[in-house]
Amino acid sequence: MSDPLKKLLSPVMLNGLALPNRLIKAATFESMLDNNFNISQKCIDFHETFAKGGVGMTTLAYCSPEPDGRMQGHYMYIREEIKPQLEKLANTVHKYGTKLSGQIAHCGGFSRNTNLQRRRPIAPSKILNMSGIPYGMFLTGKMDEKLMQEVIDGFARTAGIMKAAGFDAVEIHFGHGYLLSQFISPITNKRKDSYGGSIGNRMRFPLRVLEAVRKTVGNEFPILAKITMYDDVKGGISLNDGIAVSARPSAYFMNAL
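Here's what I pulled together on the structure shown here. (Residues numbered from 1 in each chain as written. Predicted model: local features only at pLDDT ≥ 70, side-chain atom pairs only at ≥ 80, totals over all residues. Heavy atoms only, no water.)

1. Let's talk about a nonpolar patch on the surface
Our working rule: Patches here: salt-bridge-free residues with over 30% relative accessible area, like charges joined within 9 Å, nonpolar side chains (Val, Leu, Ile, Met, Phe, Trp, Tyr) joined within 5 Å. Only the protein chains shown count as covering a residue, and every accessible area follows the Shrake-Rupley method with a 1.4 Å probe. What counts as a salt bridge is simple: a side-chain nitrogen of Lys or Arg found within 4 Å of a carboxyl oxygen of Asp or Glu. Note on classification: 1.4 Å probe, protein chains only; a residue is buried when its accessible area is under 20% of the maximum for its type, exposed when over 50%, partly exposed between these limits.
Together, M1, L5, L8, L9 and L23 make up a nonpolar patch on the protein surface, roughly 420 Å² of accessible area in all. The class of L9 is partly exposed, set by a relative accessible area of 39%.

2. What to know about the side chain of S101
The following threshold applies: Numbered from the N terminus, helices here are DSSP runs of H or I no shorter than four residues, and strands are runs of E no shorter than two. Polar contacts, as counted here, are pairs of nitrogen or oxygen atoms within 3.5 Å of one another; within protein the pair requires one atom able to donate a hydrogen and one able to accept it, and residues that are adjacent in sequence qualify only if both atoms are side-chain atoms. Contact between two residues is taken to exist if any of their heavy atoms lie within 4.5 Å; hydrogens are not considered.
Here S101 lies in strand β5 (residues 99–104). A distance of 3.5 Å separates a polar side-chain atom of S101 from the backbone oxygen of A169. When near neighbours in sequence (up to four residues on either side) are disregarded, S101 contacts M57, T58, T59, L60, F167, A169, V170, E171 and L224.

3. A short note on empty space enclosed by the protein
Worth spelling out the cut-off: Here a cavity denotes grid points, spaced 1 Å and computed from the protein atoms alone, that fit a 1.4 Å probe unable to get out, and a pocket denotes an open set having protein on both sides within 12 Å along at least 5 of 7 lines; residues with an atom within 4 Å of a point are the lining. Grid points are joined across faces, edges and corners, and a volume is the space filled by probe spheres set on the points. Note on residue categories: nonpolar means Ala, Val, Leu, Ile, Met, Phe, Trp, Tyr, Cys or Pro, charged means Asp, Glu, Lys or Arg, and polar means any other residue, Gly included.
Scanning the model with the defined rule gives one cavity of 30 Å³ or more in all. There is about 60 Å³ of room inside the largest cavity. F29, E30, S31, M32, L33, I39, C43, L60, A61, Y62 and M76 are the residues that line the largest cavity. Among the residues forming the lining of the largest cavity, the class breakdown is nine nonpolar, one polar and one charged.

4. Quick notes on the pairing of strand β8 (residues 169–173)
Defined as follows: Two strands are counted as paired when DSSP detects at least two bridges linking them.
Burial runs high along β8: five of the five residues are buried. Here β8 shows no split at all, with A169, E171 and H173 on one side and V170 and I172 on the other all buried. When β5 meets β8, the two strands line up parallel, connected through four bridges. Paired with I104 across the strands is I172, a residue of β8. Alignment of β8 against strand β9 (residues 223–226), held across four bridges, turns out to be parallel.

5. Re the packing of helix α4 (residues 145–164) against helix α7 (residues 204–217)
Rule in force here: Here an angle of 0 to 180 degrees is reported between the N-to-C directions of two axes, which are lines fitted to C-alpha atoms, with helices fitted over the stretch in contact. Working rule for handedness: look at the near helix, and if it is turned counterclockwise from the far one by less than a right angle, call the crossing left-handed; if clockwise, right-handed.
Running from N to C, α4 and α7 point in directions that differ by 35°, and their axes come no closer than 8 Å. For α4 against α7, the interelement crossing comes out right-handed. Contact residues: E145, M148, Q149, V151, I152, F155, A156, A159, G160 and K163 in α4; F205, R208, V209, A212, V213, T216 and V217 in α7. Counted by class, the contact of α4 with α7 contains 11 nonpolar, three polar and three charged residues.

Following this line, the structure appears as structure tokens:
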């Protein structure tokens, strides 16, 4: 066995969590929900196959922190009522020594959800919602401090529910054009206040989300991140921005693999 493969299959500590190996099933949207917008037995079985296969950790994908965070109205959002199924998922993968992470993602202005509780999809700036045009959702609504705090509280609440349900880690989605990425990208963040302009300002709201999640789960609980290194679109997130995004939150993530 080669040295890199030995390392891949060797145990490791992820912050305060012991992983049996360094194989992590990435978050990929399962689309396996029941009629109550909860994970189904099919979804639990899906993750069980990876646990049986020996991955160190598997990840439940696209767990929205609030109803309006769903890209479409039939997607799942995390709330106390679905905690029993979350616990069942955790208990199932734990039987094989596999750990469980949950990806917390908010679509922001990248929305096709026609069942919004708010008037419009929320975003850092009022811009054209290219994703929602076919559904009659033409514009996004610019977030004020009140809306920012609502979303921050949602991320923190979701992380707390996951931890209480037996999840071993959480992953925050900072990339791929979703809400936190919309703040980071100059294409979607046109703000002139302290949340726009420099990369430091554009990172301000995402870091507030991260800080609230860290405060909720505690210092020893692992937090992972999915980020965009660059948009590959003129005027979007540059490679230098991506490097800065990777470096700034290190104190919140603590120890890496």
